[in-house]
Amino acid sequence: MSTSTTCPLPPLNPSHRVIIVGTGLAGLSAATQLTTHSIPVTLLDRAERPGGNSMKASSGINGAPTRFQTGHEDDSFYADTVRSAGSPFTNASGDERARRERLVQTVTDGSKDAVYWLSDEMGVDLSKVAQLGGHSRARTHRGVSGKPPGAAIVGALLQKLKENPFVEIRTKSRVTKVLKEAEEVVGVEYVADDQTTTLRGPVIFASGGFAGDIRGMVSQYRPDLAGFPSTNEAREGSQPLLESVGGGLIDMDRIQVHPTGFLDEKDKEASVKFLAAEALRGEGGILLSNGKRFVNELETREHVTGVVTGSAAKLDTSLQQWDVTLLLDEGAASALDSHMQFYLWKGLIRKTKFAELGQETLDSVQEYANVVAGRKDDPFGRKAFGNWTLSEVQSDSVAYVGKVTPVLHFTMGGVLFNERTQVLGEQGEPITGLWAAGEVTGGLHGQNRLGGSSLLECAVFGRIAGNEAAAFYQQHYV
Ligand code: FAD
Ligand code: SIN
């Protein structure tokens, strides 16, 4: 049975409401914004429970400059994002270049307000800040303790939406068609309990990416990655629904491989893996192959993954997997206490002593400890060490270790959109009545998304989509 979490809708033209496809952070942000305009909204989600992949987010949300950042000015977020986006950004020209610039500007300029909106208005603790790969500053916000950031943010927004009489959330309701009449999107068809239902109104797509669609869209756009495990739910991408009403697609072959998914020794062949949060490296953790460091762990994901797949030992499994160890000292581990308790409980990380790890590992870690203590420069160019504290490594010093391997994690490509979140056709023309936000969109991140910037784009563009759809609704239906 489809599930509806709802109070009766207020008598505001009940035959139309704004329809949001997807209940991850992009959809919930859009819905929250719509409620501030007192507009009825129905969220549809094919899953049994709301929250999408947003629920799993583990390292946090970027914001700069914010009052939670300490010890430095931060005016380099735009530049870091462009550097990470690489050739799809720098090689673009004309309208496409201008559009990409506006997208990056909108998300980086809006980052401070997004963090303050979540912390000050939605009541989510985001006071702890870490530096993730490819960032020149610490700007990824999470809570001091308690739930990981995705669950904390999604939980807070959901709670407020469930109490709001303008909001209806329908789970187990899969959108199968976007309805277009006379060049305007006018609603959707969805299937619940084997029954097809039509809903009419302006539509916001917040249906996420396709990194879990290993046999479908990943195989179609990047057959070379089809054998990788993924951190995403194994569901189909919904971009084709937007294509069918004229939405253009961009950067579809740009699929992010995160360097550290946990390789559970008890279930090596699992195709959906728990993520080893990038914050584990941000707080000081290192990567070892055969007992040796081999990369600046805080380079971009694209770079770190390239070095892993180019130099670490490949495992003899049916999936494409490599043999890499993630290692933390007590300082780094204690900065992520609630994450670590979960990983230890799951058996994905274990607590041990260097005596058990062998002399080669002890020597490598002593070299890294010398770098952290300022006794020498890092041969790989790493400059930030989070909360690593171990200075003299002894055979009875404590280490936390887990096996990790690269995993499909995020799709940079998606439907063409602009900074007003209007879905665009191939030639850049907006499609009336249709907006998109979050991972379903393409063109913002280029060839590599920075850690922490997806939750951010969901909040920034989700809220913009909510405002845009509200203005449209008020013009057409009130
Ligand atoms: P989602 O949250 O994926 O939600 C999309 C929803 O749409 C889903 O619930 C889905 O069921 C629904 N849907 C799809 N198609 C249909 C359809 N046809 N009909 C009805 N419903 C449909 N990013 C960060 O910035 N920081 C982090 O720390 C971070 N950690 C992560 C950790 C993990 C393990 C994973 C997997 C991702 C992480 N990310 C992180 C990435 C980030 O969480 C996602 O990219 C982002 O949350 C996507 O949000 P979204 O709202 O666009 O989509
Ligand atoms: C992670 O915790 O490593 C994921 C962060 C992200 O995808 O932004």
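The structure under discussion appears in the preceding block.
All figures in this text were calculated on a predicted structure; none of them were measured in a lab.

Trainee: How should I be thinking about the site of ligand 2 in this particular structure?
Mentor: Every residue lining ligand 2 is accounted for by Ser58, Ser59, His258, Leu275, Ala277, Glu278, Arg301, His409, Arg449, Gly451 and Gly452. The separation between an oxygen atom of ligand 2 and a polar side-chain atom of Arg301 is 3.0 Å. Arg449 places a polar side-chain atom, nitrogen or oxygen, 2.7 Å from an oxygen atom of ligand 2. Within the complex, 92% of the 260 Å² of free accessible area of ligand 2 lies under protein. Split into classes, the residues belonging to the shell around ligand 2 amount to two nonpolar, six polar and three charged.

Trainee: Mind showing me how you'd approach the nonpolar core here?
Mentor: Side chains of nonpolar character tend, in soluble globular proteins, to be buried together. Formed by 59 residues in total, the largest nonpolar core has its most connected members in Phe205, Leu280, Met340, Leu408 and Leu434. Apart from the residues lying within four places of it in its own chain, the contact partners of Leu408 are Ala211, Ile214, Val218, Leu225, Phe228, Pro229, Ser230, Thr231, Ile255, Gln256 and Val257. Counting residues in each nonpolar core, the second largest holds 57 residues, with Leu25, Ala31, Met122 and Ala459 among its members.

Trainee: I would appreciate a short explanation of the sheet that holds strand 22 (residues 441-442) in the present structure.
Mentor: The strands making up a sheet associate through backbone hydrogen bonding, with each pair oriented either parallel or antiparallel. The strand order across the open sheet built from three strands is 12-19-22, with neighbouring strands paired in mixed fashion. The sheet is open, and its two borders are formed by strand 12 (249-250) and strand 22, each paired with just one other strand. In terms of strand pairing, strand 19 (residues 414-416) meets strand 22 through two bridges, oriented parallel. Paired with Leu416 across the strands is Gly442, a residue of strand 22.

Trainee: Which parts of the structure should I look at to understand the sheet that holds strand 6 (residues 140-142)?
Mentor: The sheet built from three strands is open, its strands ordered 4-6-5 with antiparallel pairing. If you trace the sheet from one side to the other, it starts and ends with strand 4 (61-62) and strand 5 (128-130), each paired once. Pairing geometry for strand 5 and strand 6, over three bridges, is antiparallel. Within strand 6, the position partnered with Ala130 by the bridge is Thr140.

Trainee: I tried to follow the packing of aromatic side chains on my own but got confused; where do I start?
Mentor: Given two aromatic rings, one states the distance between the centres and the angle between the planes to describe the pair. With the rule as written, the count across this model stands at twelve aromatic pairs. Ring geometry for Phe210 against Tyr221: centres 6.1 Å apart, planes inclined by 45°, an arrangement best described as tilted. Linking Phe210 in the loop between strand 11 (203-205) and helix 7 (214-221) with Tyr221 in helix 7, this pair joins segments that are eleven residues apart in sequence. Its relative accessible area of 25% is what places Tyr221 among the partly exposed residues. On the numbers, 4.8 Å between centres and 85° between planes, the contact of Tyr368 with Trp388 is edge-to-face. Taken together, the positions of Tyr368 in helix 14 (residues 359-372) and Trp388 in the loop between helix 14 and strand 18 (398-411) put the pair 20 residues apart, joining distant regions of the chain. Of the two residues examined, Tyr368 and Trp388, each falls in the buried class.

What counts as what
Residues numbered from 1 in each chain as written. Chains lettered and ligands numbered in written order. Predicted model: local features only at pLDDT ≥ 70, side-chain atom pairs only at ≥ 80, totals over all residues. Heavy atoms only, no water. Near = heavy atom within 4 Å. Polar contact = N/O pair within 3.5 Å; in protein donor to acceptor, adjacent residues only side chain to side chain. Areas by Shrake-Rupley, 256 points an atom, 1.4 Å probe, with all protein chains shown as cover. Nonpolar A, V, L, I, M, F, W, Y, C, P; charged D, E, K, R; others polar. Core = buried A, V, L, I, M, F, W, Y, C linked by side-chain atoms within 4.5 Å. Buried < 20%, exposed > 50% of the residue type's maximum accessible area, 1.4 Å probe, protein only. Contact = heavy atoms within 4.5 Å. Pairing = 2+ DSSP bridges. Helix = DSSP H or I, 4+ residues; strand = E, 2+ residues; numbered from the N terminus. Phe/Tyr/Trp six-rings, centres within 6.5 Å; stacked < 30°, edge-to-face > 60°.

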